[in-house]
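For reference, the chains in residue letters:
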Amino acid sequence: MSHPGVCRMCAGSVREFFDFGRQPLSDAFREPDDPRAEFFYRLAVGRCETCTMVQLLEEVPRERMFHQDYPYLSSGSTVMRAHFEGVAERFLSTELTGPDPFIVEVGCNDGVMLESIAKAGVRHLGVEPSGGTADLAAAKGVQVRKVFFEEATALDILRDHGRADVIYMANTFCHIPYVESVFRGVSALLTDGGVFVFEDPYLGDIVERVSFDQIYDEHFYYFTALSVRRMAHRFGFELVDVEPLPTHGGEIRYTLTRAGARTPSPAVDRLLERERETGLAEPETLLRLAAGVERIRDELTGLLRGLREQGKRVVGYGATAKSATVTNYCGIGPDLVEFVCDTSPTKQGRLTPGAHLPVRPPEAFAAPYPDYALLFAWNHADEIMAKERAFREAGGKWILYVPEVRVL
Ligand code: DWN
Ligand code: SAH
Ligand code: ZN
């Protein structure tokens, strides 16, 4: 174990609880003939002894992760598209009902949520540094700025558009280490009665499902109600609501307002109480998670090696960012998994980071079906298993590895 790190939130000391070793960037899919050396960093995760925030010990410069060729496209899942249409409808009927309301979405990606806001004719702005995805949003009629959100961005937006009734981030706030600048920006940009809403993977679900593949470069923070409330207080905000979501394997939507602007929902205290009872952010819980990671690695690699010995074909399903941690930490290369199929044109024809599994279009899955499919996109299991029903009917079997390694 290395020296304690410094908390990016409160400057307390961060005690490491797991080290995945050298890892590539989770979304750095490579052209097969790219001669450039791959970038690696140390993926290690720890907990702040002062504010309990779970976070990475090493930070990757943001421009290395989020740039013109960032390959993740939020609209790739039917379930997620419906989720974000629901989010837009909710905001339209609750927070955006005054005269000429304004909503800012940070990390709007391909416009999956803001498209509905634009269609409703409501003033909005997306902030999205990944240029290719921002272009897709613009093509849907979404107003978007290709920049990173931080204090200076918020002040520019304030000058050009005035204050925002809603600032929303989905799967984005946990990607931003520089929270102080974000909170200063939010504080400047938000109306007095406005809401700052963000949804991100919940540490409680990661611990419960041992979903260690949520841990990778882009996910800098792993929130709990306790750590988010402390963070809110530090910057003059209050946590007024928490809503568990089924998306991405278990998330929480946090609603913050300026301190004193709204009465917190009883759900906040209930969740804080449950976190206390289960000792969610306690060091023992995190050490248990660490033990679970090693157990899953051993079981999964044991299963895959056994299948190779029996001459079975195994293919991966979903070239997720999460799978970079699984393949590289477990040592799963093309000798164990032939290729990964994925619907994203931005990933097809490339190699997965580090492990170098070829990415093929979904048509390759059935030509012919493999014996086993390793479901890297386990968070989309219902959607994928439904559309690939014919695979099981043809005798194919799914391999899952959270919350435990099993064959279906
Ligand atoms: O937090 C993040 C989330 C929102 O998205 C980012 N840091 C990066 C990314 O993480 P991920 O790549 O692990 O997300 P998903 O949504 O689990 O990725 C699913 C992958 O599987 C995509 O590449 C699309 C693909 N897919 C597919 O091939 N067929 C997905 C579905 C639903 C399908 O039917
Ligand atoms: N909101 C979408 C996209 C999540 S992926 C969804 O839930 O599916 C994370 C996104 O955050 C990427 O598109 C990335 O470019 C963006 N991002 C990362 N740092 C950011 C920052 N400082 N400001 C705005 N967007 C950021
Ligand atoms: Zn801290």
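A few points on the structure. (Residues numbered from 1 in each chain as written. Chains lettered and ligands numbered in written order. Predicted model: local features only at pLDDT ≥ 70, side-chain atom pairs only at ≥ 80, totals over all residues. Heavy atoms only, no water.)

Describing the site of ligand 2
Short version of the rule: The nearness test applies per residue and asks whether one of its heavy atoms lies within 4 Å of the molecule or strand. Under this definition, polar contacts are N or O atom pairs within 3.5 Å; protein pairs additionally need one hydrogen-donor-capable and one acceptor-capable atom, and for neighbouring residues in sequence, both atoms have to be side-chain atoms. To be clear on the numbers: accessible area is Shrake-Rupley with a 1.4 Å probe, and residue cover counts the displayed protein chains and nothing else.
Around ligand 2, the structure places 21 residues, and the nearest of them are Ser74, Glu128, Ser130, Phe149 and Asn171. Residue Asn109 places a side-chain N or O atom 3.2 Å away from an oxygen atom belonging to ligand 2. Tyr178 is positioned with one of its side-chain polar atoms (N or O) 2.9 Å from a nitrogen atom of ligand 2. In the complex, 98% of the free accessible area of ligand 2, which totals 570 Å², lies under the protein chains.

Quick look at the sheet that holds strand β6 (residues 123-127)
Stated precisely, the cut-off is as follows: One requirement defines pairing of two strands: DSSP has to find at least two bridges between them. Helix and strand labels come from DSSP, where a helix needs a run of H or I of at least four residues and a strand needs a run of E of at least two; each type is numbered from the N terminus. Should any heavy atoms of two residues lie within 4.5 Å, those residues are considered in contact. Lines fitted to the C-alpha atoms define the axes, with helices restricted to the stretch that makes contact. Angles between their N-to-C directions range from 0 to 180 degrees.
With mixed pairing, the seven strands of this open sheet are ordered in space as β7-β6-β5-β8-β9-β12-β11. With one partner strand each, in any of the chains shown, β7 (144-145) and β11 (237-245) form the two edges of the open sheet. Bridge count between strand β5 (residues 102-106) and β6: five bridges; the pairing is parallel. Residue pairing across strands places Ile103 opposite His124, the latter belonging to β6. Running at roughly 140° to strand β9 (residues 190-201), helix α6 (residues 179-189) makes contact with β5, β8 (164-170), β9, β11 and β12 (251-258) of the sheet. The sheet contacts of helix α9 (residues 266-278) involve β11 and β12, and relative to β11 the element is tilted by about 75°.

Here we look at the packing of aromatic side chains
To keep things clear, this is the line we draw: Only centres within 6.5 Å qualify two rings of Phe, Tyr or Trp (six-membered ring in Trp) as a pair; their planes then separate them into stacked at under 30 degrees, edge-to-face at over 60, and tilted for everything else. Each residue is assigned to one of three classes by its accessible area relative to the maximum for its type, calculated with a 1.4 Å probe on protein chains only: buried under 20%, partly exposed between the two thresholds, exposed over 50%.
Scanning the model with the defined rule gives 28 aromatic pairs in all. Ring plane angle 85° and centroid distance 4.9 Å describe the contact between Phe220 and Tyr221, whose orientation is recorded as edge-to-face. On the accessibility criterion, Phe220 (3% relative accessible area) is buried. Since its relative accessible area comes to 1%, Tyr221 is described here as buried. Pairing Tyr317 with Phe365 gives two aromatic rings, centres 5.0 Å apart and planes at 85°, and the pair type is edge-to-face. Here Tyr317, found in strand β13 (residues 314-317), pairs with Phe365, found in the loop between β15 (359-360) and β16 (372-375); they are 48 residues apart in sequence, far enough to count as distant.

Observations regarding the pairing of strand β3 (residues 40-48)
The element β3 is largely enclosed, with a buried count of seven among its nine residues. Bridge analysis of strand β2 (residues 13-24) against β3 gives nine bridges, and the strand direction is antiparallel. Each residue of the ladder has a partner; that of Asp19, found in β3, is Ala44. Counting the residues in the hairpin turn of β3 and strand β4 (residues 54-56) gives five residues, including Thr52, whose phi is positive at 70°.

Some remarks on the sheet that holds β13
Across the sheet, six strands lie side by side as β15-β14-β13-β16-β17-β18; this open sheet has mixed pairing. If you trace the sheet from one side to the other, it starts and ends with β15 and β18 (406-407), each paired once. Across two bridges, strand β17 (residues 397-400) lies against β18 in antiparallel orientation. Looking at the pairing, Ile399 lines up with Val407 of β18.

Observations regarding the pattern of salt bridges
Side chains carrying opposite charge are able to pair once their charged atoms draw close together. Defined as follows: Here, a salt bridge means any Lys or Arg side-chain nitrogen found within 4 Å of an Asp or Glu carboxyl oxygen.
All told, the structure shown has 27 salt bridges when counted by the stated rule. Between Asp34 and Arg36 there is a salt bridge, with its nearest N and O atoms 2.9 Å apart. Across the pair Lys146 and Asp135 runs a salt bridge, and its minimum N-O distance is 2.7 Å. Of this pair, Lys146 sits in the loop between β7 and α5 (151-161) while Asp135 sits in helix α4 (residues 131-139), and the two are eleven residues apart along the sequence. Given a relative accessible area of 47%, Lys146 falls into the partly exposed group. Through salt bridges with shared partners, a single ionic network connects Arg90, Glu199, Glu243 and Arg253.

Observations concerning the site of ligand 1
In the vicinity of ligand 1 lie 27 residues, with His175, Glu218, Lys322, Asp342 and Lys387 positioned nearest. Glu218 places a side-chain nitrogen or oxygen 2.6 Å from a nitrogen atom of ligand 1. Within the contact set of ligand 1, an oxygen atom lies 2.8 Å away from a side-chain nitrogen or oxygen of Lys347. Here ligand 1 has 710 Å² of accessible area as a free molecule, and 96% of this is covered by the chains. A per-element tally of the shell around ligand 1 places helix α12 (residues 381-387) first, with three residues.

What to know about empty space enclosed by the protein
By rolling a water-sized probe across the atoms, one finds the places where empty space is left. Spelled out, the test is: A 1.4 Å probe that fits but cannot get out identifies a cavity on a 1 Å grid over protein atoms alone, an open set with protein on both sides within 12 Å along at least five of seven lines counts as a pocket, and a residue lines either if it has an atom within 4 Å of a point. Grid points are joined across faces, edges and corners, and a volume is the space filled by probe spheres set on the points. Three residue categories are used. Nonpolar comprises Ala, Val, Leu, Ile, Met, Phe, Trp, Tyr, Cys and Pro, charged comprises Asp, Glu, Lys and Arg, and polar comprises the others, including Gly.
On inspection of all chains with the given rule, the structure shows two cavities of 30 Å³ or more. Its volume calculated, the largest cavity comes out at about 40 Å³. Leu56, Glu58, Glu59, Val60, Met65, His175, Pro177, Asp217 and Phe220 together form the lining of the largest cavity. In terms of residue class, the lining of the largest cavity is made up of five nonpolar, one polar and three charged. Looking at the second largest cavity, its volume works out to about 30 Å³. Lining the second largest cavity are Val87, Arg90, Phe91, Tyr168 and Arg253. Per element, the largest residue contribution to the lining of the second largest cavity is three residues, and it comes from helix α2 (residues 78-93). Classifying every residue of the lining of the second largest cavity by side-chain character gives three nonpolar, no polar and two charged.

Any link to function would need more than the numbers given here.
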